[in-house]
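This is what each chain is made of:
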Amino acid sequence: MGNLAFRRRLVAWLPWLLLLLAFALRVYRLDYPDITGDEAWSVTISSRPLAQVVASDAEFNPPLWHLTLWAMTRLVGRTTLAIRTAPVLSATLALALVFDLGRTVGGRRLGLTALAAGTIAPFLVTYAQDARHYGPALLGAAGSLACFARLLDGRRGRPTWFAYGLFSLIAVFSHYYAFFV
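Residues numbered from 1 in each chain as written. Predicted model: local features only at pLDDT ≥ 70, side-chain atom pairs only at ≥ 80, totals over all residues. Heavy atoms only, no water.

(A) Just unusual backbone geometry, in detail. Residue Tyr32 is joined to Pro33 through a cis peptide bond whose omega torsion reads -10°. Secondary-structure assignment places Pro33 in the loop between α1 (2–27) and α2 (37–46). With a phi angle near 55°, Arg29 is a residue other than glycine that sits in the positive phi range. With respect to the helices and strands, Arg29 occurs in the loop between α1 and α2. (Helix = DSSP H or I, 4+ residues; strand = E, 2+ residues; numbered from the N terminus.)

(B) Layout of a nonpolar patch on the surface. A cluster of nonpolar side chains, namely Phe6, Leu10, Trp13, Leu14, Trp16 and Leu17, defines an oily patch on the protein surface of about 660 Å² accessible area. With respect to the helices and strands, the residue Leu17 is situated in helix α1. Residue Leu17 is classed as partly exposed on the basis of its relative accessible area, which comes to 42%. (Patch = residues over 30% accessible without salt bridge, like charges linked within 9 Å, V, L, I, M, F, W, Y side chains within 5 Å. Areas by Shrake-Rupley, 256 points an atom, 1.4 Å probe, with all protein chains shown as cover. Salt bridge = Lys/Arg side-chain N within 4 Å of Asp/Glu carboxyl O. Buried < 20%, exposed > 50% of the residue type's maximum accessible area, 1.4 Å probe, protein only.)

(C) Spatial organisation of the packing of aromatic side chains. With the rule as written, the count across this model stands at four aromatic pairs. Aromatic side chains Phe148 and Tyr164 sit 6.0 Å apart centroid to centroid with 35° between the ring planes, which places their arrangement in the tilted category. Taken together, the residues span a long stretch of sequence, with Phe148 in helix α8 (residues 134–152) and Tyr164 in helix α9 (residues 158–172) at a distance of 16 residues. Judged by relative accessible area, which is 39%, Phe148 ranks as partly exposed. Residue Tyr164 is classed as partly exposed on the basis of its relative accessible area of 25%. With 6.2 Å between their ring centres and 85° between their planes, Trp161 and Tyr164 make a pair best called edge-to-face. One end of the pair is Trp161 and the other is Tyr164, both in helix α9 and three residues apart, which spans about a single turn. Within the aromatic cluster, the residues linked to one another by ring pairs are Phe148, Trp161 and Tyr164. (Phe/Tyr/Trp six-rings, centres within 6.5 Å; stacked < 30°, edge-to-face > 60°.)

(D) Representation of the pattern of salt bridges in the model. Within this structure, the stated rule accounts for four salt bridges. The salt bridge involving Asp100 is made with Arg103; its shortest N-O contact spans 2.9 Å. Of this pair, Asp100 and Arg103 both sit in helix α5 (residues 80–106), three residues apart, which is roughly one turn of the helix. The residue Asp100 makes a salt bridge to Arg150 at a minimum N-O spacing of 2.8 Å. One end of the pair, Asp100, is in helix α5; the other, Arg150, is in helix α8, with 50 residues separating them in the sequence. For Asp100, a relative accessible area of 10% gives the class buried. Within this structure, Asp100, Arg103 and Arg150 form a network of salt bridges that share partners.

(E) Up close: the side chain of Thr92. You can see Thr92 is positioned in helix α5. Thr92 gets classed as buried once you look at its relative accessible area, which sits at 10%. For Thr92, the side chain forms a polar contact with the main-chain oxygen of Val88, separated by 2.8 Å. If we ignore the near neighbours within four places in the chain, the residues touching Thr92 are Leu19, Phe23 and Arg26. (Polar contact = N/O pair within 3.5 Å; in protein donor to acceptor, adjacent residues only side chain to side chain. Contact = heavy atoms within 4.5 Å.)

Spelled out as structure tokens, the structure:
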């Protein structure tokens, strides 16, 4: 009987353990390599005054990422770790929403499978560590789809509609391709 109780507790904690592993993989060597290329361009845009960040015609992507980076650098500084923190946090939160989406659509096993695959997917780890708009766009898209699945599942309360709208806005204001989601 004790073995069954242990398995149940492990299964209950498995999503949290996978999210912790996902976070660990995304923060591992987060400060390497230094900020270059597109990341440096994001830092350059976000170091301007707020009005110029919002009205920037130097960037072809929506402004949410640059606003986030503008706020982050003023709160925690301009180190490589500080600059890459928001994408890591948003990409890790997105995996929690991927788990919820899988669980809503196909049950707990599908949710855990999707979470496990997302945890170790090399491209998701790489893009989560990139100080660009990919992490927030993933968060918005995953949240939007998870809320949409809940709406189709019959959970049509105001909080679900509000979350659906909020996540959809986060996605669209992070990356133009999110319109397809």
